[in-house]
Amino acid sequence: MERLHMTSTVKDMEAQKRKLKKSPPLSLERFHISEDYGFLFPDPLKELSHYYKPWVEIASNLPLMIESHQLRVRVDVMPLLSCHLLKDHRELHLAHLLLSFITMGYVWQEGEKNIPKVLPRNLALPFVEVSRTLGLPPILVHSDLVLTNWKKKDPDGPLEIRNLDTIISLPGGESLKGFVLVTLLVEKAAVPGIKALVQAINAVLQSSDDDLLQALEQLKTSIAEMTNALRKMHDYVDPAIFYAVIRIFLSGWKDNPAIPEGLIYEGVSEKPLKYSGGSAAQSTTFHAFDELLGVCHSKESTTFLHRMREYMPPSHRAFLEEVHSAPSLREYILSSGSCLLREAYNQCVKALAELRNHHISIVAKYILTGAAKAKDGSMANLPGPPHALAEVGTGGTAVFKFLKSVRDTTLGVIIDQSD
């Protein structure tokens, strides 16, 4: 019976290969993914034309306006600007960045007290228009917070944290900047792995075991470097500041008890709209590696992860679809009989599980420990932390349970050498 299944799998893969060989090899360029920066936007735009000065001025001073409780006052008198002068994708992405940060500040200026039920039309209308053009939701997403929100202090200097800054910020000072830039370094460390993913898929299509082995070794190294980059979070982000100050500004109005009805976007919809907050699950990198390695998460986790794909740029979503439709790497390795390929594959899976393990330890430090400090009153000098987020992530999940689940299902695809 097992041999019949293997024969059937091989036949299915051969049919899939014949179908895919008619199309060009998988490439990053087709999906507007950078060879040098991966899913990060190379050299994001920092300025818009003078017409959009009201957006830029407000977005550039968000921490001060929020702390002085002046942001809503300023937004309420902000002119309603047209989006017709936004010429290209770079300008649209910068506009989305500005409007998403202003929106988060507007909604959460007073924490969980006095949350507005309505986003005013002078903010809601252009934000929704820009979002529809880009294929993104009208809320702060991972591509706003990280992928398009960075600049080099010295343009000719290295892509290292000491030479980086954010374009737009929110309350949280150096810890907020550290959170964004460390996450950026994790995305940058993934670039060799993203290129290895493409090489691996093309190697399977061409039945080139040597190329596949090389790709898997590069993927393992890249994932390990992502873990090393994530460790920098401990050096640059204060857990108390993250828990009590930063988290609420990354929170959405879906699955959030603080704002259960959602938010009315004035001039767009008379009914409240619901959108999830920012989440690491909106990073295309992790989805891509799962698709390549054949990691299938639980039904609950998969539902959430697939919903998070709606918060990614459309070209990144299309890339994931392409990876998903490629021949199964795991089945190819199982049918190859190569111990070297099996071991290289397993090393990649273990590296990805270790990255997720470290993510769990970060959550324990920055959320669970933060929650404990909030309860014992040791953070009296900081604003009261959001009660609605005490046990969930900013994306609205029971974060600890979710992360442990995806870690365990990752380990579940390891190939036993006796198979």
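Structure report, in brief. This is a predicted model, so every value here is computed, not measured. (Residues numbered from 1 in each chain as written. Predicted model: local features only at pLDDT ≥ 70, side-chain atom pairs only at ≥ 80, totals over all residues. Heavy atoms only, no water.)

A few points about the overall build of the protein chain
Part 1 of the reasoning: Assigned secondary structure in the protein chain consists of 18 helices and 4 strands.
Part 2 of the reasoning: Nonlocal contacts in the protein chain, meaning residues at least 24 apart in sequence, comprise 80% of its contacts between residues at least 6 apart.
Part 3 of the reasoning: As displayed, the protein chain has an accessible area near 18600 Å², and 54% of this comes from carbon and sulfur atoms. (Helix = DSSP H or I, 4+ residues; strand = E, 2+ residues; numbered from the N terminus. Contact = heavy atoms within 4.5 Å. Areas by Shrake-Rupley, 256 points an atom, 1.4 Å probe, with all protein chains shown as cover.)

Some words on the environment of Lys220
Part 1 of the reasoning: Within the secondary structure layout, Lys220 lies in helix α10 (residues 209–231).
Part 2 of the reasoning: Put simply, Lys220 and Ala344 are 124 residues apart on the chain and 8.0 Å apart in space, counted from C-alpha to C-alpha.
Part 3 of the reasoning: Discounting chain neighbours no more than four positions away, the residues touching Lys220 are Gln347, Cys348 and Ala351.

Observations regarding the packing of aromatic side chains
Two numbers describe a pair of aromatic rings. These are the distance of the centres and the angle of the planes.
Part 1 of the reasoning: Within the structure shown, the criterion is met by 9 aromatic pairs.
Part 2 of the reasoning: Judged by centre distance (5.5 Å) and plane angle (70°), the rings of Phe31 and Phe319 are edge-to-face. Highlighted residues: Phe31 in the loop between α1 (2–21) and α2 (53–59) and Phe319 in helix α15 (residues 314–325), separated in sequence by 288 residues. Comparing Phe31 with Phe319, the two get one shared label, buried.
Part 3 of the reasoning: Of the aromatic side chains, those joined through ring pairs into one cluster are Phe31, Phe39 and Phe319.
Part 4 of the reasoning: Here Arg72 stacks its cationic end above the ring of Tyr106, 5.8 Å away from the centre of that ring. (Phe/Tyr/Trp six-rings, centres within 6.5 Å; stacked < 30°, edge-to-face > 60°. Buried < 20%, exposed > 50% of the residue type's maximum accessible area, 1.4 Å probe, protein only. Lys NZ or Arg CZ within 6 Å of the ring centre and 35° of its normal.)

Some thoughts on helix α12 (residues 239–246)
Part 1 of the reasoning: Where burial is concerned, most of α12 is hidden: 8 out of the 8 residues are buried.
Part 2 of the reasoning: When we look at burial in α12, the residues that qualify are Pro239, Ala240, Ile241, Phe242, Tyr243, Ala244, Val245 and Ile246.
Part 3 of the reasoning: Between a side-chain oxygen at the N-terminus of α12 and the backbone nitrogen of Ala240 the separation is 2.8 Å; the capping residue is Asp238. (Polar contact = N/O pair within 3.5 Å; in protein donor to acceptor, adjacent residues only side chain to side chain.)

Focus on the packing of helix α5 (residues 89–108) against helix α6 (residues 121–134)
Part 1 of the reasoning: Packing of α5 against α6 brings their axes to within 9 Å, and their N-to-C directions diverge by 135°. Comparing the axis directions of α5 and α6 gives the class oblique. Crossing geometry of α5 relative to α6 is assigned as left-handed. Between α5 and α6, the residues in contact are His89, Leu92, His93, Ala95, His96, Leu99, Ser100, Ile102, Thr103 and Tyr106 and Leu123, Pro126, Phe127, Val130, Ser131, Thr133 and Leu134, respectively.
Part 2 of the reasoning: Within the contact of α5 with α6, the residues separate by chemical class into 10 nonpolar, 7 polar and no charged. (Axes fitted to C-alpha atoms, helices over the stretch in contact; angles between N-to-C directions. Parallel < 35°, antiparallel > 145°, perpendicular 65-115°, else oblique. Left-handed = near helix turned anticlockwise from the far one by under 90°. Nonpolar A, V, L, I, M, F, W, Y, C, P; charged D, E, K, R; others polar.)

Description of the pattern of salt bridges
Part 1 of the reasoning: Tallied over the entire structure, the rule returns 12 salt bridges.
Part 2 of the reasoning: Notably, a salt bridge pairs Lys177 with Asp165, separated by 3.9 Å at the nearest N-O pair. Of the two residues, Lys177 is situated in helix α8 (residues 173–189) and Asp165 in strand β3 (residues 164–165); the sequence distance between them amounts to 12 residues.
Part 3 of the reasoning: Residue class for Lys177 comes out buried when judged on its relative accessible area of 18%.
Part 4 of the reasoning: Looking at Asp165, the relative accessible area reads 22%, which means it is partly exposed. (Salt bridge = Lys/Arg side-chain N within 4 Å of Asp/Glu carboxyl O.)

Brief notes about the nonpolar core
Part 1 of the reasoning: One finds Leu197, Leu212, Trp253 and Phe319 to be the most contacted residues of the largest nonpolar core, which totals 139 residues.
Part 2 of the reasoning: Ignoring any residue separated from it by four or fewer positions in sequence, one finds Phe319 in contact with Leu26, Leu28, Phe31, Ile33, Phe39, Leu197, Val198 and Ala288. (Core = buried A, V, L, I, M, F, W, Y, C linked by side-chain atoms within 4.5 Å.)

Things to note about α5
Part 1 of the reasoning: The first and last C-alpha atoms of α5 sit 28 Å apart over 20 residues, in line with the 28 Å expected at 1.5 Å per residue.
Part 2 of the reasoning: The N-cap of α5, judged by a side-chain oxygen 3.2 Å from the amide nitrogen of Arg90 a few residues on, is Asp88. (Expected span 1.5 Å × (residues − 1).)

Some thoughts on the packing of α8 against α10
Part 1 of the reasoning: One way to put it is that α8 packs onto α10 with a least axis distance of 8 Å and a crossing angle of 170°. Regarding the angle of α8 to α10, the classification is roughly antiparallel. The segment α8 lies against α10, with Val182, Leu185, Val186 and Ala189 engaging Ser222, Glu225, Met226, Ala229 and Leu230.
Part 2 of the reasoning: Counted by class, the contact of α8 with α10 contains 7 nonpolar, 1 polar and 1 charged residues.

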